[in-house]
Amino acid sequence: MRKWLCICSVLVLLTGCWDKVELNEISIVTGIAIEKGENAKFRVTVETINAPQLSADQPGSGTPVITFQEEGNSLAELSERMNVGVSRKLIFSHTRIIVIDELLAKDGVGDVLDFLERSGEFRNDFNILISRGTKASDIVKTTYPLELVPSIKLHKQIEVYLEEWGGDPYVRLTDFISSLTSKGRHPVTSAVSIKGNPEAGKNIEQNSKTELDSTVIISGLSVFKKDKLIGFLSREEARDYLWTQGLSKTSLTVPCYMEGSEDEKHFLDIRIIHSHSDVKTMEEETGVKIKVNISGEAKIQGTQCHQNLEKIQTYENHEDALNKYIEEKILATIKKMQDEYKTDIFGFGEVYYRTSPKKFKKVEDEWDEVFSEAEVEVTSDYRIKRSGIRNKSFLTDEPVSGQ
(Lines give C-alpha, C1' and ligand atoms only; values in the text may rest on other atoms or scores of the structure.)
Protein backbone atom coordinates (compact mmCIF):
# COMPACT_ATOMS: atom_id res chain seq x y z
CA MET A 1 0.00 0.00 0.00
CA ARG A 2 2.84 2.32 0.91
CA LYS A 3 4.49 1.54 -2.43
CA TRP A 4 1.42 2.61 -4.43
CA LEU A 5 1.05 5.73 -2.29
CA CYS A 6 4.62 6.76 -3.15
CA ILE A 7 4.07 6.13 -6.86
CA CYS A 8 0.86 8.18 -6.90
CA SER A 9 2.59 11.02 -5.07
CA VAL A 10 5.42 11.10 -7.65
CA LEU A 11 2.95 11.05 -10.56
CA VAL A 12 1.07 14.00 -9.11
CA LEU A 13 4.30 15.99 -8.88
CA LEU A 14 5.39 15.07 -12.44
CA THR A 15 2.18 16.28 -14.05
CA GLY A 16 2.64 19.91 -12.99
CA CYS A 17 3.03 22.60 -15.70
CA TRP A 18 3.82 25.59 -13.50
CA ASP A 19 6.48 26.99 -15.88
CA LYS A 20 4.87 26.22 -19.24
CA VAL A 21 5.15 28.76 -22.07
CA GLU A 22 2.91 28.48 -25.11
CA LEU A 23 4.58 29.03 -28.48
CA ASN A 24 1.89 31.48 -29.54
CA GLU A 25 2.75 33.64 -26.52
CA ILE A 26 6.44 34.24 -27.29
CA SER A 27 8.63 35.85 -29.97
CA ILE A 28 12.05 34.35 -30.67
CA VAL A 29 14.81 36.92 -31.02
CA THR A 30 17.40 35.92 -33.63
CA GLY A 31 19.41 39.13 -33.93
CA ILE A 32 20.21 42.22 -31.89
CA ALA A 33 21.82 45.48 -32.99
CA ILE A 34 23.22 47.87 -30.38
CA GLU A 35 23.97 51.49 -31.28
CA LYS A 36 24.47 54.84 -29.58
CA GLY A 37 21.11 56.42 -28.90
CA GLU A 38 20.04 59.89 -29.98
CA ASN A 39 18.27 60.71 -26.72
CA ALA A 40 19.81 58.07 -24.44
CA LYS A 41 22.97 55.99 -24.06
CA PHE A 42 21.84 53.00 -26.15
CA ARG A 43 19.49 52.24 -29.01
CA VAL A 44 18.65 48.54 -29.29
CA THR A 45 17.06 46.88 -32.32
CA VAL A 46 15.66 43.37 -31.92
CA GLU A 47 14.87 41.07 -34.83
CA THR A 48 12.12 38.54 -34.12
CA ILE A 49 10.84 35.70 -36.28
CA ASN A 50 7.41 36.06 -37.88
CA ALA A 51 6.72 32.33 -37.69
CA PRO A 52 3.57 32.07 -39.91
CA GLN A 53 5.53 33.50 -42.85
CA LEU A 54 8.11 30.69 -42.55
CA SER A 55 5.62 27.82 -42.63
CA ALA A 56 6.54 25.18 -45.23
CA ASP A 57 2.90 24.09 -45.62
CA GLN A 58 1.28 27.51 -45.90
CA PRO A 59 3.99 30.12 -46.53
CA GLY A 60 2.80 33.69 -46.33
CA SER A 61 3.63 36.66 -48.51
CA GLY A 62 4.57 38.99 -45.66
CA THR A 63 7.88 39.78 -44.03
CA PRO A 64 9.67 36.80 -42.38
CA VAL A 65 11.00 38.93 -39.51
CA ILE A 66 9.87 41.95 -37.54
CA THR A 67 12.24 44.51 -36.00
CA PHE A 68 11.63 47.01 -33.24
CA GLN A 69 13.84 49.77 -31.78
CA GLU A 70 13.89 51.34 -28.36
CA GLU A 71 16.29 53.74 -26.60
CA GLY A 72 17.43 53.77 -22.99
CA ASN A 73 20.41 53.96 -20.65
CA SER A 74 20.32 50.33 -19.52
CA LEU A 75 20.49 47.28 -21.79
CA ALA A 76 18.87 45.11 -19.14
CA GLU A 77 15.87 47.42 -18.84
CA LEU A 78 15.61 47.79 -22.62
CA SER A 79 15.48 44.03 -23.09
CA GLU A 80 12.46 43.88 -20.78
CA ARG A 81 10.82 47.08 -22.02
CA MET A 82 10.51 46.07 -25.67
CA ASN A 83 6.87 45.19 -25.12
CA VAL A 84 6.00 48.84 -25.52
CA GLY A 85 5.87 47.88 -29.21
CA VAL A 86 6.11 44.06 -29.28
CA SER A 87 3.06 42.01 -28.34
CA ARG A 88 4.75 38.82 -27.12
CA LYS A 89 7.38 37.91 -24.53
CA LEU A 90 10.86 38.01 -26.08
CA ILE A 91 13.03 34.91 -25.85
CA PHE A 92 16.79 35.62 -26.27
CA SER A 93 18.19 32.10 -25.96
CA HIS A 94 18.16 31.55 -29.74
CA THR A 95 19.98 34.77 -30.64
CA ARG A 96 22.35 34.09 -33.54
CA ILE A 97 24.18 37.43 -33.90
CA ILE A 98 24.76 40.56 -31.87
CA VAL A 99 25.95 43.49 -33.97
CA ILE A 100 27.62 46.40 -32.18
CA ASP A 101 27.79 49.67 -34.06
CA GLU A 102 31.25 50.96 -34.99
CA LEU A 103 30.72 54.31 -33.24
CA LEU A 104 29.63 52.65 -30.01
CA ALA A 105 32.51 50.15 -30.16
CA LYS A 106 35.03 53.01 -30.37
CA ASP A 107 33.73 54.32 -27.04
CA GLY A 108 33.95 50.85 -25.48
CA VAL A 109 31.90 47.65 -25.32
CA GLY A 110 32.44 46.83 -21.64
CA ASP A 111 28.87 47.70 -20.62
CA VAL A 112 27.46 45.55 -23.43
CA LEU A 113 29.58 42.54 -22.48
CA ASP A 114 28.74 42.90 -18.79
CA PHE A 115 25.02 42.72 -19.56
CA LEU A 116 25.40 39.73 -21.89
CA GLU A 117 27.49 37.80 -19.36
CA ARG A 118 25.22 38.51 -16.40
CA SER A 119 21.89 38.04 -18.13
CA GLY A 120 21.60 34.27 -18.21
CA GLU A 121 19.18 34.68 -21.13
CA PHE A 122 21.86 34.18 -23.80
CA ARG A 123 23.76 31.07 -24.83
CA ASN A 124 27.43 31.22 -25.75
CA ASP A 125 26.97 30.29 -29.40
CA PHE A 126 26.16 33.63 -31.03
CA ASN A 127 28.45 35.76 -33.21
CA ILE A 128 29.66 39.09 -31.84
CA LEU A 129 30.09 41.40 -34.84
CA ILE A 130 31.06 45.02 -35.47
CA SER A 131 29.29 47.00 -38.18
CA ARG A 132 31.81 48.73 -40.44
CA GLY A 133 30.78 51.79 -42.40
CA THR A 134 27.07 51.20 -41.85
CA LYS A 135 24.56 51.25 -39.01
CA ALA A 136 24.32 48.08 -36.94
CA SER A 137 20.52 48.10 -37.21
CA ASP A 138 20.72 47.91 -41.02
CA ILE A 139 22.60 44.60 -40.72
CA VAL A 140 19.69 42.84 -39.02
CA LYS A 141 17.17 44.33 -41.46
CA THR A 142 18.77 43.26 -44.75
CA THR A 143 16.78 40.44 -46.35
CA TYR A 144 18.14 37.54 -48.40
CA PRO A 145 16.21 35.08 -50.61
CA LEU A 146 17.87 31.81 -49.54
CA GLU A 147 17.74 32.47 -45.79
CA LEU A 148 14.68 34.55 -44.99
CA VAL A 149 15.85 35.46 -41.48
CA PRO A 150 18.76 37.96 -41.83
CA SER A 151 20.53 36.94 -38.62
CA ILE A 152 20.38 33.22 -39.39
CA LYS A 153 21.68 33.96 -42.89
CA LEU A 154 24.67 35.84 -41.50
CA HIS A 155 25.35 33.21 -38.82
CA LYS A 156 25.46 30.43 -41.44
CA GLN A 157 27.42 32.63 -43.83
CA ILE A 158 30.18 33.09 -41.23
CA GLU A 159 30.28 29.36 -40.44
CA VAL A 160 30.76 28.40 -44.10
CA TYR A 161 33.24 31.24 -44.63
CA LEU A 162 35.36 29.95 -41.76
CA GLU A 163 35.19 26.36 -42.98
CA GLU A 164 35.98 27.09 -46.63
CA TRP A 165 38.35 30.06 -46.54
CA GLY A 166 39.18 30.70 -42.91
CA GLY A 167 38.42 34.40 -42.53
CA ASP A 168 36.51 34.40 -39.23
CA PRO A 169 38.20 34.15 -35.78
CA TYR A 170 35.22 32.22 -34.31
CA VAL A 171 34.93 34.54 -31.31
CA ARG A 172 32.22 33.87 -28.77
CA LEU A 173 31.29 35.86 -25.68
CA THR A 174 33.59 33.93 -23.33
CA ASP A 175 36.47 34.21 -25.84
CA PHE A 176 36.07 37.98 -26.10
CA ILE A 177 35.97 38.45 -22.34
CA SER A 178 38.95 36.12 -21.87
CA SER A 179 41.03 38.22 -24.29
CA LEU A 180 39.75 41.41 -22.67
CA THR A 181 40.98 40.35 -19.23
CA SER A 182 44.25 38.85 -20.47
CA LYS A 183 47.54 40.71 -19.97
CA GLY A 184 49.00 39.21 -23.14
CA ARG A 185 46.24 39.46 -25.74
CA HIS A 186 43.64 41.95 -27.00
CA PRO A 187 40.24 40.97 -28.47
CA VAL A 188 39.30 40.70 -32.12
CA THR A 189 36.07 39.82 -33.88
CA SER A 190 34.65 39.91 -37.40
CA ALA A 191 33.49 43.12 -39.06
CA VAL A 192 30.47 43.23 -41.37
CA SER A 193 29.33 45.78 -43.92
CA ILE A 194 26.54 46.24 -46.47
CA LYS A 195 27.30 46.12 -50.18
CA GLY A 196 24.70 48.16 -52.03
CA ASN A 197 21.83 50.29 -50.82
CA PRO A 198 20.93 49.57 -47.15
CA GLU A 199 17.41 50.97 -47.57
CA ALA A 200 16.66 48.64 -50.50
CA GLY A 201 17.72 45.63 -48.41
CA LYS A 202 14.91 46.22 -45.94
CA ASN A 203 12.27 45.46 -48.59
CA ILE A 204 11.46 41.80 -49.32
CA GLU A 205 10.86 42.74 -52.95
CA GLN A 206 14.63 42.57 -53.51
CA ASN A 207 14.38 38.80 -52.98
CA SER A 208 12.66 38.47 -56.35
CA LYS A 209 15.72 39.84 -58.18
CA THR A 210 18.68 37.89 -59.55
CA GLU A 211 21.02 40.71 -58.56
CA LEU A 212 20.34 41.90 -55.03
CA ASP A 213 20.21 45.60 -54.26
CA SER A 214 21.79 45.05 -50.84
CA THR A 215 23.89 42.25 -49.32
CA VAL A 216 25.61 41.87 -45.96
CA ILE A 217 29.28 40.95 -46.44
CA ILE A 218 32.13 40.04 -44.10
CA SER A 219 34.60 42.90 -44.39
CA GLY A 220 37.57 41.86 -42.28
CA LEU A 221 38.63 41.87 -38.64
CA SER A 222 37.81 44.37 -35.88
CA VAL A 223 40.80 45.18 -33.68
CA PHE A 224 40.34 46.17 -30.03
CA LYS A 225 42.62 47.58 -27.38
CA LYS A 226 41.00 46.45 -24.17
CA ASP A 227 37.29 47.11 -24.77
CA LYS A 228 37.67 49.89 -27.36
CA LEU A 229 37.68 49.46 -31.13
CA ILE A 230 40.87 50.96 -32.59
CA GLY A 231 40.71 49.85 -36.23
CA PHE A 232 40.17 47.12 -38.79
CA LEU A 233 42.19 44.58 -40.74
CA SER A 234 41.30 43.53 -44.28
CA ARG A 235 39.99 40.09 -45.16
CA GLU A 236 43.48 39.00 -46.28
CA GLU A 237 45.03 40.34 -43.08
CA ALA A 238 42.33 38.57 -41.05
CA ARG A 239 43.50 35.28 -42.58
CA ASP A 240 47.12 36.18 -41.77
CA TYR A 241 46.05 36.61 -38.15
CA LEU A 242 44.24 33.27 -38.18
CA TRP A 243 47.34 31.52 -39.51
CA THR A 244 49.05 32.28 -36.21
CA GLN A 245 46.06 30.84 -34.33
CA GLY A 246 45.95 27.48 -36.14
CA LEU A 247 44.08 28.07 -39.39
CA SER A 248 42.64 24.82 -40.71
CA LYS A 249 41.84 25.25 -44.41
CA THR A 250 42.04 28.01 -46.97
CA SER A 251 42.82 28.74 -50.64
CA LEU A 252 45.57 30.99 -52.02
CA THR A 253 46.57 32.54 -55.31
CA VAL A 254 50.37 32.48 -55.36
CA PRO A 255 52.61 34.10 -58.01
CA CYS A 256 54.39 31.44 -60.06
CA TYR A 257 57.98 30.61 -59.42
CA MET A 258 59.71 30.80 -62.80
CA GLU A 259 63.48 30.89 -62.69
CA GLY A 260 64.90 33.76 -64.69
CA SER A 261 61.46 35.28 -65.31
CA GLU A 262 59.90 38.44 -63.90
CA ASP A 263 56.45 37.70 -65.25
CA GLU A 264 53.90 38.50 -62.51
CA LYS A 265 50.80 37.65 -64.53
CA HIS A 266 50.79 33.90 -63.88
CA PHE A 267 49.53 32.32 -60.69
CA LEU A 268 49.31 29.02 -58.87
CA ASP A 269 46.03 28.00 -57.19
CA ILE A 270 46.74 26.31 -53.86
CA ARG A 271 44.36 24.70 -51.37
CA ILE A 272 45.63 24.30 -47.81
CA ILE A 273 44.14 21.04 -46.53
CA HIS A 274 45.88 20.80 -43.17
CA SER A 275 47.70 23.40 -41.12
CA HIS A 276 49.46 23.79 -37.80
CA SER A 277 51.00 26.79 -36.06
CA ASP A 278 53.58 26.94 -33.31
CA VAL A 279 54.62 30.15 -31.53
CA LYS A 280 57.69 30.54 -29.35
CA THR A 281 59.03 33.52 -27.45
CA MET A 282 62.57 33.89 -26.16
CA GLU A 283 64.68 36.46 -24.36
CA GLU A 284 67.70 37.81 -26.23
CA GLU A 285 70.17 40.61 -25.57
CA THR A 286 68.25 42.95 -27.87
CA GLY A 287 64.89 42.11 -26.28
CA VAL A 288 62.07 39.61 -26.81
CA LYS A 289 62.14 37.55 -30.01
CA ILE A 290 58.98 35.91 -31.38
CA LYS A 291 59.17 32.91 -33.69
CA VAL A 292 56.09 31.79 -35.62
CA ASN A 293 56.28 28.43 -37.37
CA ILE A 294 53.54 27.44 -39.82
CA SER A 295 53.40 24.00 -41.42
CA GLY A 296 50.98 21.64 -43.11
CA GLU A 297 49.84 20.07 -46.36
CA ALA A 298 48.53 21.58 -49.57
CA LYS A 299 47.32 20.57 -53.01
CA ILE A 300 47.27 22.24 -56.41
CA GLN A 301 43.82 23.24 -57.64
CA GLY A 302 44.88 25.01 -60.79
CA THR A 303 48.00 26.33 -62.44
CA GLN A 304 48.96 29.01 -64.91
CA CYS A 305 52.64 28.29 -64.43
CA HIS A 306 52.97 25.78 -67.32
CA GLN A 307 55.66 23.79 -65.59
CA ASN A 308 55.79 20.01 -65.80
CA LEU A 309 54.19 18.54 -62.68
CA GLU A 310 55.66 15.13 -63.48
CA LYS A 311 58.99 16.43 -62.17
CA ILE A 312 59.90 16.60 -58.48
CA GLN A 313 61.76 19.86 -59.05
CA THR A 314 58.51 21.54 -60.12
CA TYR A 315 56.89 20.64 -56.78
CA GLU A 316 59.88 21.97 -54.90
CA ASN A 317 59.73 25.23 -56.86
CA HIS A 318 56.02 25.61 -56.14
CA GLU A 319 56.57 24.86 -52.43
CA ASP A 320 59.27 27.55 -52.30
CA ALA A 321 56.91 30.06 -53.92
CA LEU A 322 54.05 29.11 -51.57
CA ASN A 323 56.12 29.30 -48.38
CA LYS A 324 57.76 32.57 -49.35
CA TYR A 325 54.35 34.09 -50.10
CA ILE A 326 52.87 32.98 -46.75
CA GLU A 327 55.88 34.18 -44.76
CA GLU A 328 55.75 37.63 -46.35
CA LYS A 329 52.00 38.02 -45.78
CA ILE A 330 51.99 36.95 -42.13
CA LEU A 331 55.06 39.00 -41.27
CA ALA A 332 53.55 42.10 -42.94
CA THR A 333 50.36 41.80 -40.84
CA ILE A 334 52.32 41.32 -37.61
CA LYS A 335 54.46 44.35 -38.47
CA LYS A 336 51.31 46.38 -39.10
CA MET A 337 50.06 45.53 -35.61
CA GLN A 338 53.47 46.44 -34.18
CA ASP A 339 53.94 49.74 -36.00
CA GLU A 340 50.43 51.09 -36.59
CA TYR A 341 48.36 49.76 -33.69
CA LYS A 342 51.05 48.71 -31.17
CA THR A 343 48.63 46.06 -29.95
CA ASP A 344 49.14 42.31 -29.47
CA ILE A 345 46.05 40.53 -30.80
CA PHE A 346 47.98 37.31 -31.49
CA GLY A 347 48.44 36.19 -27.89
CA PHE A 348 52.23 36.33 -28.04
CA GLY A 349 52.17 37.73 -24.51
CA GLU A 350 50.23 34.70 -23.30
CA VAL A 351 52.90 32.43 -24.84
CA TYR A 352 55.63 34.47 -23.12
CA TYR A 353 53.78 34.15 -19.81
CA ARG A 354 53.49 30.36 -20.14
CA THR A 355 57.19 29.92 -20.93
CA SER A 356 58.66 32.62 -18.66
CA PRO A 357 56.05 33.71 -16.08
CA LYS A 358 58.50 35.59 -13.86
CA LYS A 359 59.97 37.58 -16.76
CA PHE A 360 56.52 38.35 -18.15
CA LYS A 361 55.32 39.65 -14.79
CA LYS A 362 57.99 42.35 -14.99
CA VAL A 363 56.69 43.65 -18.33
CA GLU A 364 53.00 42.72 -18.32
CA ASP A 365 51.82 46.31 -17.86
CA GLU A 366 54.02 47.46 -20.77
CA TRP A 367 53.64 44.33 -22.90
CA ASP A 368 52.21 46.16 -25.92
CA GLU A 369 55.34 48.36 -26.03
CA VAL A 370 57.55 45.29 -25.67
CA PHE A 371 55.60 43.55 -28.45
CA SER A 372 55.88 46.55 -30.79
CA GLU A 373 59.68 46.46 -30.49
CA ALA A 374 60.10 42.67 -30.57
CA GLU A 375 61.95 40.90 -33.37
CA VAL A 376 59.59 38.61 -35.28
CA GLU A 377 60.56 35.64 -37.42
CA VAL A 378 58.01 33.73 -39.51
CA THR A 379 58.80 30.35 -41.03
CA SER A 380 56.44 28.48 -43.36
CA ASP A 381 56.90 24.82 -44.25
CA TYR A 382 54.01 23.57 -46.38
CA ARG A 383 54.31 20.45 -48.52
CA ILE A 384 52.33 20.05 -51.72
CA LYS A 385 51.04 16.48 -51.67
CA ARG A 386 48.72 16.36 -54.66
CA SER A 387 48.10 18.08 -57.98
CA GLY A 388 44.43 17.25 -58.47
CA ILE A 389 43.46 14.32 -60.72
CA ARG A 390 46.27 14.82 -63.24
CA ASN A 391 49.93 15.83 -63.30
CA LYS A 392 50.93 17.34 -66.64
CA SER A 393 48.59 20.11 -67.82
CA PHE A 394 47.18 20.15 -71.33
CA LEU A 395 48.43 23.75 -71.48
CA THR A 396 52.01 22.45 -71.59
CA ASP A 397 51.32 20.07 -74.49
CA GLU A 398 52.79 20.95 -77.87
CA PRO A 399 50.09 22.03 -80.39
CA VAL A 400 49.29 19.46 -83.07
CA SER A 401 50.91 20.28 -86.41
CA GLY A 402 48.59 21.87 -88.98
CA GLN A 403 46.08 23.16 -86.39
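Let me begin by describing the structure that accompanies this report. Just so we're clear, the structure is a prediction, and the values are computed from it rather than from any experiment.

Calculation notes
Residues numbered from 1 in each chain as written. Predicted model: local features only at pLDDT ≥ 70, side-chain atom pairs only at ≥ 80, totals over all residues. Heavy atoms only, no water. 1 Å grid on protein atoms, 1.4 Å probe; cavity = no way out; pocket = protein on both sides within 12 Å on 5 of 7 lines; lining within 4 Å. Points joined across faces, edges and corners; volume = space filled by probe spheres on them. Helix = DSSP H or I, 4+ residues; strand = E, 2+ residues; numbered from the N terminus. Nonpolar A, V, L, I, M, F, W, Y, C, P; charged D, E, K, R; others polar. Phe/Tyr/Trp six-rings, centres within 6.5 Å; stacked < 30°, edge-to-face > 60°. Buried < 20%, exposed > 50% of the residue type's maximum accessible area, 1.4 Å probe, protein only. Lys NZ or Arg CZ within 6 Å of the ring centre and 35° of its normal. Polar contact = N/O pair within 3.5 Å; in protein donor to acceptor, adjacent residues only side chain to side chain. Contact = heavy atoms within 4.5 Å.

1. What about the layout of surface pockets?
Right, on to step 1. Empty space within the second largest pocket amounts to approximately 300 Å³.
Right, on to step 2. Around the second largest pocket, the lining is made up of 18 residues, and of these Pro169, Val171, Asp175, Arg185 and Tyr241 lie nearest the centre.
Right, on to step 3. Elements with a minimum of two residues in the lining of the second largest pocket: α7 (173–181) and α9 (235–245).
Right, on to step 4. At four residues, the largest contribution of residues to the lining of the second largest pocket is made by α7.
Right, on to step 5. Across the lining of the second largest pocket, the residue classes tally to ten nonpolar, four polar and four charged.

2. Looking at the packing of aromatic side chains
Right, on to step 1. The full count for this structure, using the stated rule, is 13 aromatic pairs.
Right, on to step 2. Seen in terms of ring centroids, Phe92 and Phe122 are 5.4 Å apart; in terms of plane orientation they differ by 45°. Their pairing is tilted. With a gap of 30 residues between them, Phe92 in the loop between β4 (89–91) and β5 (97–100) and Phe122 in the loop between α4 (110–119) and β6 (127–131) connect regions that are remote in the sequence.
Right, on to step 3. Aromatic side chains Phe348 and Phe371 sit 6.1 Å apart centroid to centroid with 45° between the ring planes, which places their arrangement in the tilted category. Residue Phe348 is found in helix α11 (residues 348–355), and its partner Phe371 is found in helix α13 (residues 367–373); the two are separated by 23 residues along the sequence.
Right, on to step 4. With a relative accessible area of 0%, Phe348 lands in the buried category.
Right, on to step 5. Here the basic side chain of Lys153 rests over the ring of Tyr144, its NZ or CZ set 4.8 Å away from the ring centre.

3. Some details on the side chain of Thr250
Right, on to step 1. Take Thr250: it is sitting in strand β10 (residues 250–255).
Right, on to step 2. Judged by its relative accessible area of 0%, Thr250 falls in the buried class.
Right, on to step 3. Separated by 2.7 Å, the side chain of Thr250 and the backbone oxygen of Trp165 make a polar contact.
Right, on to step 4. If near-sequence neighbours (up to four positions away) are discounted, Thr250 is found in contact with Glu164, Trp165, Arg239, Trp243, Ile270, Arg271 and Ile272.

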